[in-house]
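# Commentary on secondary and tertiary structure
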Amino acid sequence: MKRTILKCGQLFCGVDETVKEQMAVTVEGNHIVCVAPWKDGAAPADAEVIDLTDKFVMPGLIDAHVHVNMNGEPNTDNLAKLSTGEFALVSMVNAQSDLMAGFTTIRDEGAVGFSDVALRNAINAGLVAGPRMFVSGVAISSTGGHGDASFAPGVTGGAMASIVNSPDEARKAARYTFKYGADQIKIMATGGVMSYGDEPGAPELSLEEMKAALDVANSRGKISSAHAHGAEGIKNAIWAGITSIEHGMLIDDEGMELMQKHGTYLIPTIIAAYQIVEFGKTGALAPWMVEKADLCLKNHGEHLKKMISMGINIGFGTDSGTCFNRHGEQALEFELMTRCGFTPVQTLLAATKVNSRLLKWDDRIGSVEEGKLADIVAFDGDPLKDIKAMTRCAFVMKDGQVYKH
């Protein structure tokens with residue numbers, strides 16, 4: 001079996017906040033078999049030694065919120081134009097960009113026609129290269145809700161969700177989603193920023209509808225996520241049994257207390273609203289979208305500071321694929337998180353240890369430890385001193401195979 005030794009100048013294992021120096025990580029096949037201090041002359045003759053002594057080495061990053069169907073387009077017109085097969089090919093290219101940026105695992109948060117499932121299966125089968133994927137299949141929304149199409153009556157296509165309007169329909173949609181290979185259930189609890197005609201703060205799916213869908217997930221030991229900006233929708237999703245709240249930008253104190261009590265995860269996706277506001281200044285986006293993004297972003301930083309102090313589980317996710325938020329460029333989120341009260345090391349743990357627990361994959365990924373899968377990345381510069389180093393990915397190993405060096 002092939003043996004590779006990574007000679008590390010700085011090694012952040014992701015187990016805690018410490019960084020070790022002059023370490024060696026030994027990989028056999030697709031697993032880590034040893035993490036120990038480097039000793040000159042200690043490498044076996046049959047081992048390949050990769051010199052990363054001038055790099056910051058760490059576990060492969062996990063982005064817990066992406067959309068591989070999209071890549072920063074200023075509108076969603078393509079959702080009605082591309083076939084499912086075309087979406088799968090577009091998604092492959094986008095996911096590969098994520099991998100090259102150091103994201104060896106991604107969670108897709110809703111795709112057209114189970115194209116994310118098709119890509120995940122192709123990657124797992126070795127047919128194409130790409131990151132490890134955890135997928136939602138087709139999300140669940142309501143008529144006129146976030147994820148429903150906003151085209152004229154009679155125009156078909158464009159919906160990224162199964163549309164339900166009762167608990168029975170929600171239960172059926174959840175079963176349908178798992179039937180065709182999704183790893184989790186994604187629900188749309190409130191309105192959104194990029195969806196025309198709804199409001200981010202308004203609840204959409206009812207508590208009863210969400211509970212019906214989530215009962216299916218929870219009874220199977222599966223996790224779930226809720227697109228949720230508004231306070232009422234966030235609380236409804238938590239009461240219904242959700243695993244993670246996505247965005248959470250208009251949360252209130254009661255919602256924070258519920259998240260703390262129930263152990264609910266938050267994926268803050270600061271970059272998604274930030275890019276819409278920034279590019280909106282150039283006139284590149286519809287004013288209604290920019291106004292909604294600005295509303296959502298306004299108090300998000302203060303809310304995050306409060307939730308950090310409360311010890312709420314906060315992971316890392318970027319909503320990559322949304323307007324001007326391109327795959328492979330989402331590491332800006334690390335810097336934005338530090339502006340909102342996170343220490344640099346907290347952002348690294350969010351994208352490794354915390355997210356691996358969210359996905360229930362912490363027995364396989366999320367840290368550089370003996371027995372874990374060999375998902376290891378390296379960066380030019382020390383992000384604990386300069387968080388912008390996270391945008392300079394220099395080395396990517398996923399499943400023991402080197403994709404970038």
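Above this text is the structure in question.
Described below are features of the structure shown in this document. What you are looking at is a predicted structure, and each value in this text was computed from that prediction instead of being measured.

The next thing to look at is the layout of surface pockets. Its boundaries defined by the atoms lining it, the largest pocket holds a volume of some 650 Å³. Around the largest pocket, the lining comprises 39 residues; the ones closest to its centre are Thr76, His146, Gly147, Met194 and Ser195. Broken down by secondary-structure element, the contributors of at least two residues to the lining of the largest pocket are β10 (185-188), β11 (224-230), β12 (244-250), α7 (270-280) and α8 (287-297). A total of three residues in the lining of the largest pocket trace back to one element, the largest contributor, which is α7. Here the lining of the second largest pocket takes six residues from helix α11 (residues 344-358), the largest share from any one element. Here the lining of the second largest pocket is built from residues that sort into ten nonpolar, three polar and three charged.

On to empty space enclosed by the protein. Following the criterion strictly, the structure yields one cavity of 30 Å³ or more and no others. Taken as a whole, the largest cavity encloses approximately 40 Å³ of empty space. For the largest cavity, the full set of lining residues is Pro59, Gly60, Ile62, Thr104, Thr105, Ile365, Gly366, Ser367, Leu373 and Asp375. The residue makeup of the lining of the largest cavity, split by class, is four nonpolar, five polar and one charged.

Before going further, it helps to examine the packing of aromatic side chains. A complete count under the given rule lists nine aromatic pairs for this structure. Ring plane angle 70° and centroid distance 5.3 Å describe the contact between tyrosine 196 and tryptophan 288, whose orientation is recorded as edge-to-face. Here tryptophan 288 lies in helix α8 and tyrosine 196 lies in the loop between β10 and α4 (207-219), a separation of 92 residues in the sequence. Classification of tyrosine 196 as exposed rests on a relative accessible area of 55%. Here tryptophan 288 falls in the partly exposed class, since its relative accessible area comes to 28%. Ring geometry for phenylalanine 316 and phenylalanine 334: centres 4.3 Å apart, planes at 25°, overall stacked.

Cut-offs and rules
Residues numbered from 1 in each chain as written. Predicted model: local features only at pLDDT ≥ 70, side-chain atom pairs only at ≥ 80, totals over all residues. Heavy atoms only, no water. 1 Å grid on protein atoms, 1.4 Å probe; cavity = no way out; pocket = protein on both sides within 12 Å on 5 of 7 lines; lining within 4 Å. Points joined across faces, edges and corners; volume = space filled by probe spheres on them. Helix = DSSP H or I, 4+ residues; strand = E, 2+ residues; numbered from the N terminus. Nonpolar A, V, L, I, M, F, W, Y, C, P; charged D, E, K, R; others polar. Phe/Tyr/Trp six-rings, centres within 6.5 Å; stacked < 30°, edge-to-face > 60°. Buried < 20%, exposed > 50% of the residue type's maximum accessible area, 1.4 Å probe, protein only.

Remember that the coordinates give geometry; whether it matters functionally is a separate question.
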